[in-house]
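Here is what each chain is made of, one letter per residue.
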Number of protein chains: 2
Amino acid sequence: MYNYKLTIQYDGGRYKGWQRLGDDENTIQGKLEKVISELVGEKTEITGCSRTDAGVHALSQVANFKTAKKLSESEIEDYMNKYLPQDISVIEVLSVPDHFHARYHAKSKTYLYRIWNKEYSNPFMRKYSMHVDKSIDVTVMRKASEHLIGEHDFTSFTNAKSKKKSMVREIYSIIISENSGFIDIRVNGDGFLYNMVRRIVGTLIEAGLGQLEVSEIPDILISKERGQAGGMADACGLFLEKIEY
Amino acid sequence: MYNYKLTIQYDGGRYKGWQRLGDDENTIQGKLEKVISELVGEKTEITGCSRTDAGVHALSQVANFKTAKKLSESEIEDYMNKYLPQDISVIEVLSVPDHFHARYHAKSKTYLYRIWNKEYSNPFMRKYSMHVDKSIDVTVMRKASEHLIGEHDFTSFTNAKSKKKSMVREIYSIIISENSGFIDIRVNGDGFLYNMVRRIVGTLIEAGLGQLEVSEIPDILISKERGQAGGMADACGLFLEKIEY
């Protein structure tokens, strides 16, 4: 069997998220598998690194698939980009050793969350950012973010229902930058729970708007209660930006 | 009467262009007039500087309207941004002297045309650029553009039907820059004929792809025949970027 690693970009706006749901094609995984299966001539499954939610975008998602058919990297890339919809692109194809697994071998992931923080909406970025029309204090946001760095039980910051799996994750860094009306929040960590980045961002926004005290954040973490953290930021502002192996 | 100057941004993707067609609201002018008329309490017309085509965007369009109602600049801006659709934004309102006219007083206009020049499509910019998947030689494009600088009869580069009006326009500069997969073409001039920028860009693309010789361009200008210039670049790559007064 040959093993191929794909680096993929997509606008998640019109999809139900990464993960294929049965035979429903309206997912990123479903769209990719359809084209790959046509290329190799048999039903083929792909493994994605991150199961991005409905409406969430990727600047760089990684996936892999195995096939008995030997193909060149450029053959795969050209074929896929020819038949994929315009909101999904394959930007790199690499032939990788048989043991490579897109999910298990990822060491860290970076998500970018983009906020448009002006009174008026941004006509061009309205589908790629969350519009917050009240002025956000970025200094307060940064202070709030410091409490989340490190290894914590993030139960308060997830909407996951399972109680069996570990809710402990490590956040390596949260970097917040401002650039002509945008506030970009980059969260790098070893992995993220369901909706975790969006609830972290929602919490930081509430802190930056003065709706939540920075000093409350350690208690929110300790409480391990789903309802405790701030609201959930919109899906359209979230981008899977980078995966490190 | 009070005279107000508006600076407006819009994503032209779902509109029939700037100019209102009768009572049809699906134009930028129509959307703006509807909101302004509600604000001032009577039917009010606005004058736009450039009549951008269907699907063409604006980073900075200028318009003005007159009203007997005295309003503060921020009142107008807040009201309009509250009631306009999210793909149209008012980014500045200025109270101006009675004689100011958004179209007659413009000294120069800059249009930006954005090309995405990679084999794969760009999921995020697919509605804000033209995708050309064959490699364009930008050096050749620049050489071709030099022939268009200055005062010329641009009949060959317009789809306008009127033969009464002057087809002479002056192009002050064409600046072409490359930036991570994009080719940006900025055309600055005293005014532009119907479809002129898109036909100039179409011609430059054909030159850059080797489908047209740079040396043919002076003859195309001299011919003054509509069919002579290159094809028309897609509307979605074109932005009205700046108007100088």
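Because the structure is a prediction, the values reported are computed rather than measured.

### A word on the overall build of chain A
Point 1. Assigned secondary structure in chain A consists of five helices and ten strands.
Point 2. Whereas a compact globule of 245 residues would reach a radius of gyration of roughly 18 Å, chain A reaches 19 Å, a difference of no more than 12%.
Point 3. Burial statistics for chain A: of 245 residues in total, 56% are counted as buried.
Point 4. Of the contacts formed within chain A by residues at least 6 apart in sequence, a portion of 72% connects residues at least 24 apart.
Point 5. When the accessible surface of chain A is split by element, carbon and sulfur atoms take 46% of a total near 11300 Å².
Point 6. Each charge class in chain A was averaged separately, 33 positive and 34 negative side chains, and the resulting centres sit 4 Å apart.

### Some details on the interface of chain B and chain A
In many analyses, interface size is given as the accessible surface area lost on bringing the parts together.
Point 1. Facing the 26 residues of chain B at the interface are 26 residues of chain A.
Point 2. Counting across the chain B and chain A interface gives four salt bridges.
Point 3. A salt bridge links A:Arg126 to B:Asp87, with the shortest nitrogen-to-oxygen separation between them at 3.9 Å.
Point 4. Between chain B and chain A we count six residue pairs in polar contact (both at pLDDT 80 or more) in total.
Point 5. Residue classes in the side of chain B that touches chain A are distributed as eleven nonpolar, eight polar and seven charged.

### A look at the packing of helix α1 (residues 28-40) of chain A against helix α2 (residues 73-83) of chain A
Residues and elements named next belong to chain A.
Point 1. Their axes nearest at 10 Å, the elements α1 and α2 cross at an angle of 125°. Accordingly, the angle class assigned to the pair α1 and α2 is oblique. As for how α1 packs across α2, the hand of that crossing is right-handed. On the side of α1, the interface is formed by Leu32, Val35, Ile36, Glu38 and Leu39, while α2 contributes Ile76, Tyr79, Met80 and Tyr83.
Point 2. Residues that form the contact of α1 with α2 fall into these classes: eight nonpolar, no polar and one charged.

### Considerations on the domain arrangement of chain A
All names here are of chain A.
Point 1. The domain architecture assigned to chain A consists of domain 1 (2-96) and domain 2 (108-244).
Point 2. Between domain 1 and domain 2, the residue contacts involve 14 residues of the former and 16 residues of the latter.
Point 3. Between domain 1 and domain 2 lies a buried interface of about 1100 Å² when both sides are counted; carbon and sulfur atoms form 59% of it.
Point 4. Considering only the side of domain 1, the residues that lose the most area to domain 2 are Asp53, His57 and Leu59, jointly responsible for 44% of the buried surface there.
Point 5. The interface formed by domain 1 and domain 2 includes one salt bridge.
Point 6. Across the salt bridge formed by Asp53 and Arg198, the nearest N and O atoms sit 3.3 Å from each other.
Point 7. In this structure, the connection of domain 1 to domain 2 is made through nine residue pairs in polar contact (both at pLDDT 80 or more).
Point 8. The residue makeup of the side of domain 1 that touches domain 2, split by class, is six nonpolar, six polar and two charged.

### Some points on the pattern of salt bridges
Pairing is possible between side chains that carry opposite charge, provided their charged atoms lie close to one another.
Residue and element names in this part refer to chain A.
Point 1. Applying the stated criterion across every chain yields a total of 22 salt bridges over all chains.
Point 2. For Lys66, the salt bridge is made with Asp98, and the minimal N-O distance between the two is 3.6 Å. Taken as a pair, Lys66 in strand β3 (residues 57-67) and Asp98 in the loop between β4 (88-96) and β5 (108-116) lie far apart in primary sequence, 32 residues in all.
Point 3. Judged by its relative accessible area of 35%, Lys66 falls in the partly exposed class.
Point 4. Judged by relative accessible area, Asp98 falls into the partly exposed class, the value being 46%.
Point 5. Ionic pairing is found between Lys242 and Glu244, a salt bridge with its closest N-O pair at 3.6 Å.

### Details of the relation of the copies chain B and chain A
Point 1. Between chain B and chain A, which share one sequence, the superposing operator has a rotation angle of 180° and an axial displacement of 0.0 Å; the RMSD is 0.0 Å. Considering both components of the superposition, the chain copies are consistent with a two-fold axis.

### Quick word on the packing of helix α3 (residues 138-146) of chain A against helix α4 (residues 196-208) of chain A
Residues and elements named next belong to chain A.
Point 1. Where α3 meets α4, the closest approach of the two axes is 8 Å, and the angle between their N-to-C directions is 135°. The orientation of α3 relative to α4 falls into the category oblique. Crossing of α3 over α4 shows right-handed handedness. Residue-level contacts link Val140, Met141, Ala144 and Ser145 of α3 to Leu204, Ile205, Ala207 and Gly208 of α4.
Point 2. Across the contact of α3 with α4, the residue classes break down as six nonpolar, two polar and no charged.

### Section: the packing of aromatic side chains
Residue and element names in this part refer to chain A.
Point 1. This structure, assessed with the given rule, holds 20 aromatic pairs over all chains.
Point 2. Both rings, one in Phe154 and one in Phe157, keep their centres 6.1 Å apart while their planes meet at 75°; by these two values the pair is edge-to-face. Here Phe154 matches Phe157 in class, with each residue buried.
Point 3. Directly above the ring of Phe182 sits Arg114, whose terminal nitrogen or CZ lies 5.0 Å from the centroid.

### Let's talk about unusual backbone geometry
Residue and element names in this part refer to chain A.
Point 1. Residue Ser180 is not a glycine yet carries a positive backbone phi of 35°.
Point 2. With respect to the secondary-structure elements, Ser180 resides in the loop between β8 (168-179) and β9 (182-189).
Point 3. For Asn195, which is not glycine, the phi torsion reads 65° and is therefore positive.
Point 4. If you trace the backbone, Asn195 turns up in the loop between β9 and α4.
Point 5. When its relative accessible area of 10% is taken as the criterion, Asn195 is described as buried.

Conventions we followed
- Residues numbered from 1 in each chain as written.
- Chains lettered and ligands numbered in written order.
- Predicted model: local features only at pLDDT ≥ 70, side-chain atom pairs only at ≥ 80, totals over all residues.
- Heavy atoms only, no water.
- Helix = DSSP H or I, 4+ residues; strand = E, 2+ residues; numbered from the N terminus.
- Rg over C-alpha atoms; globule rule 2.2 N^0.38 Å.
- Buried < 20%, exposed > 50% of the residue type's maximum accessible area, 1.4 Å probe, protein only.
- Contact = heavy atoms within 4.5 Å.
- Areas by Shrake-Rupley, 256 points an atom, 1.4 Å probe, with all protein chains shown as cover.
- Lys, Arg positive; Asp, Glu negative; His and termini not counted.
- Charge placed at Lys NZ, Arg CZ, Asp CG, Glu CD.
- Salt bridge = Lys/Arg side-chain N within 4 Å of Asp/Glu carboxyl O.
- Polar contact = N/O pair within 3.5 Å; in protein donor to acceptor, adjacent residues only side chain to side chain.
- Nonpolar A, V, L, I, M, F, W, Y, C, P; charged D, E, K, R; others polar.
- Axes fitted to C-alpha atoms, helices over the stretch in contact; angles between N-to-C directions.
- Parallel < 35°, antiparallel > 145°, perpendicular 65-115°, else oblique.
- Left-handed = near helix turned anticlockwise from the far one by under 90°.
- Domains from an automatic or database assignment.
- Buried area = accessible area lost by both parts, 1.4 Å probe.
- Least-squares fit on C-alpha atoms with pLDDT ≥ 70 in both.
- Phe/Tyr/Trp six-rings, centres within 6.5 Å; stacked < 30°, edge-to-face > 60°.
- Lys NZ or Arg CZ within 6 Å of the ring centre and 35° of its normal.

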